[in-house]
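Now for the letters of each chain:
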Amino acid sequence: MQVDKIIDKLAWITIQDGKFLAVRSKGKELFYLPGGKREQGESDQQALVREIKEELSVDLDRDTIKYAGTYSAQADGKASGVTVQLTCYFADFSGELAADAEIEELRFIGTEEREVCSLAALVVLDSLVDQQLVK
């Protein structure tokens, strides 16, 4: 019996002007939510703060980190049955957003740009639209 694989990741949701922040890695076409995987012994909060600093050069305000939901979708570029699970958090930040590390581009995306989003980002986008947070 095949056991489906789950890629467990943390993701940050930040919204400006009815659009959510998405990032694209070097060599990739689709945008996804910024974040990444926990390292051994890290809490969700610690891992998220570290990943966002590495990817976007900003500091998340730990006191504002708030659970936003957990979403799953087929992982882009992976075999069928490989799912990415995103545990998402809202948080305020300080600093200037800038693509860093493996990130080539960052963009605030609304519903008119669905085609540039990964499947997991689309699941989150639809939820944010349902909550009337994104247009």
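In what follows, the structure referred to is the one given above.
Computed from a prediction, not measured in an experiment: that's the story for all the values here.

Asker: Account for the overall build of the chain, naming residues and giving values.
Answerer: Per the secondary structure count, the chain includes two helices and nine strands. If you list the helices and strands of the chain from N to C, you get β-β-β-β-α-β-β-β-β-β-α. Since a compact globule built from 135 residues should have a radius of gyration of about 14 Å, the 14 Å found for the chain is in line with a globular shape. Overall, the C-alpha framework of the chain stretches about 45 × 40 × 30 Å when taken along its three principal axes. Restricting to contacts in the chain with at least 6 residues of sequence separation, those with at least 24 account for 65%. Total accessible area on the chain stands at roughly 7,400 Å², and carbon and sulfur atoms take up 47% of it. Taken together, the 16 basic and 25 acidic charged side chains of the chain have centroids lying 3 Å from each other.

Asker: So what about the sheet that holds strand S4 (residues 35–36)? Which residues, and what values?
Answerer: Spatial strand order, S4-S1-S7-S6: four strands in an open sheet with mixed pairing. Two strands close off the open sheet at either side, each with one partner strand: S4 and strand S6 (66–74). The pairing of strand S1 (residues 6–13) with S4 spans two bridges and is antiparallel. The residue bridging Ala-11 from the neighbouring strand is Gly-35, located in S4. Against the sheet, helix H1 (residues 44–56) contacts S1, S4 and strand S7 (83–90), and its axis sits at roughly 70° relative to S1. Each of S1, S6 and S7 is contacted by helix H2 (residues 119–130), which is oriented at about 135° to S6, the strand it contacts most.

Asker: Lay out a positive patch on the surface in plain terms, naming residues and giving numbers.
Answerer: Taken together, the side chains of Lys-5, Lys-28, Lys-37 and Lys-78 define a basic patch exposed on the protein surface. When you line up the elements, Lys-5 lands in the segment before S1.

Definitions and limits used
- Residues numbered from 1 in each chain as written.
- Predicted model: local features only at pLDDT ≥ 70, side-chain atom pairs only at ≥ 80, totals over all residues.
- Heavy atoms only, no water.
- Helix = DSSP H or I, 4+ residues; strand = E, 2+ residues; numbered from the N terminus.
- Rg over C-alpha atoms; globule rule 2.2 N^0.38 Å.
- Contact = heavy atoms within 4.5 Å.
- Areas by Shrake-Rupley, 256 points an atom, 1.4 Å probe, with all protein chains shown as cover.
- Lys, Arg positive; Asp, Glu negative; His and termini not counted.
- Charge placed at Lys NZ, Arg CZ, Asp CG, Glu CD.
- Pairing = 2+ DSSP bridges.
- Axes fitted to C-alpha atoms, helices over the stretch in contact; angles between N-to-C directions.
- Patch = residues over 30% accessible without salt bridge, like charges linked within 9 Å, V, L, I, M, F, W, Y side chains within 5 Å.
- Salt bridge = Lys/Arg side-chain N within 4 Å of Asp/Glu carboxyl O.

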